[in-house]
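Structural overview for review
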Amino acid sequence: MTRTASLYDVPRKAVWDAHAPYVEGAFDALVCFCVGSPLSADARNALVKSAQAIGYGNNQMAFISVDSLDPADVQTLIEAIDPLCVVATDTSATRVLSQAYHAPLHLGIKDYVAGRPCCCFEQLNDVVSDVTSKQKTWRLLKSTLAFFS
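One structure accompanies this document, and this report is about it. Note that the structure is predicted; figures quoted are calculated from it, not measured. (Residues numbered from 1 in each chain as written. Predicted model: local features only at pLDDT ≥ 70, side-chain atom pairs only at ≥ 80, totals over all residues. Heavy atoms only, no water.)

**Points about the overall build of the protein chain**
Note the cut-off: Here a strand is any run of E in DSSP of at least two residues, a helix any run of H or I of at least four, and the numbering for each starts at the N terminus. In this setup the radius of gyration rests on C-alpha atoms only. A globule is expected at 2.2 Å times the number of residues raised to 0.38. For every residue, the accessible area (1.4 Å probe, protein chains only) is compared with the maximum for its type, and the residue is labelled buried under 20%, exposed over 50%, or partly exposed between those bounds. Should any heavy atoms of two residues lie within 4.5 Å, those residues are considered in contact. Working definition of accessibility: Shrake-Rupley area with a 1.4 Å probe, residue cover restricted to the visible protein chains.
Scanning the protein chain from terminus to terminus reveals 6 helices and 6 strands. Compactness check: the protein chain gives a C-alpha radius of gyration of 14 Å against a globular reference of 15 Å for 149 residues, within 12% of the reference. For the protein chain, with 149 residues in total, the buried portion stands at 44%. Relative to all contacts within the protein chain whose residues are 6 or more apart in sequence, the contacts with residues 24 or more apart total 70%. For the protein chain, the accessible area works out to roughly 7800 Å², and carbon and sulfur atoms hold 55% of it.

Here you go:
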């Protein structure tokens, strides 16, 4: 089944294209991963696999590299994409996201940004090697990404 374009696709795609060097994935993603420092392959794979386990497809995720963007541009991108939820992968991304929405975001708990479920990690790259941390991370991702639970 082919998705019918919506009225919002043209401006959404224009914002996406204007920020193309900093964003990858689907321009109409349901989940946005805001990345400060580069993600390891294991950490990125863990995010993708977690989202897939909850029911998101590969074409429903977007990764935004936020460190080179002005916080206002991060907010513009997120609002254009209009995801159901947002994940910040490290303290740098959390800081930029907090600045973008003029709201303090907290590490390690389910939070909200502009009404969207959000979770922020101190450093997701460090989590993937520790079993206890992986379990805690999975629980947090599940509570954040499982939008309808």
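**Quick look at the side chain of Thr144**
Our working definition: A 3.5 Å cut-off defines polar contacts: any pair of N or O atoms within that distance qualifies, except that in protein one atom must be a possible hydrogen donor and the other a possible acceptor, and neighbouring residues in sequence count only when both atoms are side-chain atoms.
Note that Thr144 resides in helix α6 (residues 131–145). In terms of polar contacts, Thr144 uses its side chain to reach the backbone carbonyl oxygen of Leu140, at 2.9 Å. Contact partners of Thr144, with chain neighbours within four places excluded, come to Cys85, Val86, Lys110, Pro117, Cys118 and Cys119.

**A few points about the environment of Ile78**
The topology assignment puts Ile78 in helix α3 (residues 71–81). Owing to a relative accessible area of 0%, Ile78 belongs among the buried residues under this scheme. Counting along the chain gives 38 residues from Ile78 to Ser40, while the straight-line C-alpha distance between them is 23 Å. Setting aside residues no more than four positions away along its own chain, Ile78 makes contact with Cys34, Ile64, Pro83, Val86, Leu97, Tyr101 and Arg116.

**Topic: the sheet that holds strand β4 (residues 85–88)**
Formally: When DSSP finds two or more bridges between two strands, those strands count as paired. The angle between two axes is taken between their N-to-C directions and runs from 0 to 180 degrees, where each axis is a line fitted to C-alpha atoms and a helix contributes only its stretch in contact.
The 6 strands lie next to each other as β1-β3-β2-β4-β6-β5, forming an open sheet whose pairing is mixed. Strands with a single pairing partner mark the edges of an open sheet, and in this sheet they are β1 (23–25) and β5 (110–113). For this sheet, the mean inter-axis angle between neighbouring strands, taken without regard to orientation, is 25°. Relative to strand β3 (residues 61–65), strand β2 (residues 31–35) runs parallel, the two sharing 5 bridges.

**Some points on unusual backbone geometry**
Of note in this structure, His102 is not a glycine but carries a positive phi near 50°. Tracing the backbone through its elements, the reader meets His102 in the loop between α4 (91–101) and β5. Residue His102 is classed as exposed on the basis of its relative accessible area, which comes to 74%. A positive phi angle, near 50°, is found at Ala114, a position not held by glycine.

**Overview of the nonpolar core**
Threshold: Definition used in this section: a nonpolar core is a set of buried Ala, Val, Leu, Ile, Met, Phe, Trp, Tyr and Cys residues joined via side-chain atoms within 4.5 Å.
Counting 27 residues, the largest nonpolar core has Ile64, Val74, Ile78, Ile81 and Leu97 as the members making the most contacts within it. Excluding its chain neighbours within four sequence positions, the residues that come into contact with Ile64 are Tyr22, Val23, Cys32, Phe33, Cys34, Val35, Leu69, Leu77, Ile78 and Ile81. Counting 20 residues, the second largest nonpolar core, distinct from the first, contains Val35, Val87, Phe121 and Leu145.

**Describing the pairing of β5**
What you see with β5 is a clean split: Asp111 and Val113 sit on the buried side and Lys110 and Tyr112 on the side with no burial. Taken together, the 4 bridges between β5 and strand β6 (residues 116–120) define a ladder with antiparallel strand orientation. What sits directly across from Lys110, in β6, is Cys119. Two successive antiparallel strands, β5 and β6, enclose a turn made up of 2 residues, where Ala114 displays a positive phi of approximately 50°.

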